Amino acid sequence: MPTTKTARQARITALLANRAVRSQAELASLLAADGLNVGQATLSRDLVELRAVRVRGEDGGLVYAVPPEGGERGVHAGSNQELLDTRLVRLCGELLVKVEASGNIVVLRTPPGAANFLALAIDHSVMPSVLGTLAGDDTVMVITRDPHGGDAVARRFLQFAAESAGA
């Protein structure tokens, strides 16, 4: 197996996608079984670069998960989508300043510098009605799948913000 950083990180992503890995030591053992001997510091840096997080697995224990690349939503196997959705609700309550819709576009206004953070949370959540996001400094443009779905998605974001305020 190639020992480049890219190859090692691809193998880490594949392992986390296909099994519940509970610790860095367990991950290091799995890599060693593949012929990749990795030190703890290198493994830790790889997990940070891959944006790996520990989430509740199906059995309730904490496992590592890596957000996917591209258009796929959610995190890989062993994750708890409810955790990500709860995060989106909280962020909407903290960051949404204004919400407007037109056709299949929703414009979310945030404080300066917060738009990318909110867009990333939207992209990693599961909202089947959302095709994708585009973020600037203080504005997120959300594109819906339904050509006339902007109003419904805008109401959903306002509902998230209200839920967060009520919590």
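Scroll up to find the structure.
A few points on the structure. (Residues numbered from 1 in each chain as written. Predicted model: local features only at pLDDT ≥ 70, side-chain atom pairs only at ≥ 80, totals over all residues. Heavy atoms only, no water.)

Okay, the sheet that holds strand β6 (residues 139-144) next. If you walk across this open sheet you meet the 4 strands as β3-β4-β6-β5, and the pairing is antiparallel. One side of each edge strand has no neighbouring strand; the edge strands of this open sheet are β3 (98-102) and β5 (130-135). Adjacent strand axes in the sheet meet at a mean angle of 20 degrees when their direction is disregarded. Where β5 meets β6, 5 bridges bridge the pair, whose relative direction is antiparallel. Counterpart to Val130 in the pairing with β6 is Thr144. Of the strands in this sheet, β4 (105-109), β5 and β6 touch helix α5 (residues 115-124), which is tilted by about 165 degrees from β5. (Pairing = 2+ DSSP bridges. Helix = DSSP H or I, 4+ residues; strand = E, 2+ residues; numbered from the N terminus. Axes fitted to C-alpha atoms, helices over the stretch in contact; angles between N-to-C directions. Contact = heavy atoms within 4.5 Å.)

Formed by 24 residues in total, the largest nonpolar core has its most connected members in Leu108, Leu118, Ile122, Val142 and Phe157. Leu16, Leu36, Leu50 and Val66 belong to the second largest nonpolar core, which has 15 residues in total. (Core = buried A, V, L, I, M, F, W, Y, C linked by side-chain atoms within 4.5 Å. Buried < 20%, exposed > 50% of the residue type's maximum accessible area, 1.4 Å probe, protein only.)

As a further point, take helix α1 (residues 5-18). With 14 residues, α1 extends 20 Å between its outermost C-alpha atoms, agreeing within 8% with the 20 Å of an ideal straight helix rising 1.5 Å per residue. Here α1 has its buried residues at Arg8, Gln9, Ile12, Leu15, Leu16 and Ala17. (Expected span 1.5 Å × (residues − 1).)

What follows covers the environment of Glu94. Along the chain, the position of Glu94 falls in helix α4 (residues 81-95). For the pair Glu94 and Leu118, spaced 24 residues apart in the sequence, the C-alpha separation amounts to 9.8 Å.

With that out of the way, let us pick up the pairing of strand β1 (residues 53-56). As judged from the 4 bridges shared by β1 and strand β2 (residues 62-65), these two strands associate in the antiparallel manner. Counterpart to Arg56 in the pairing with β2 is Leu62.

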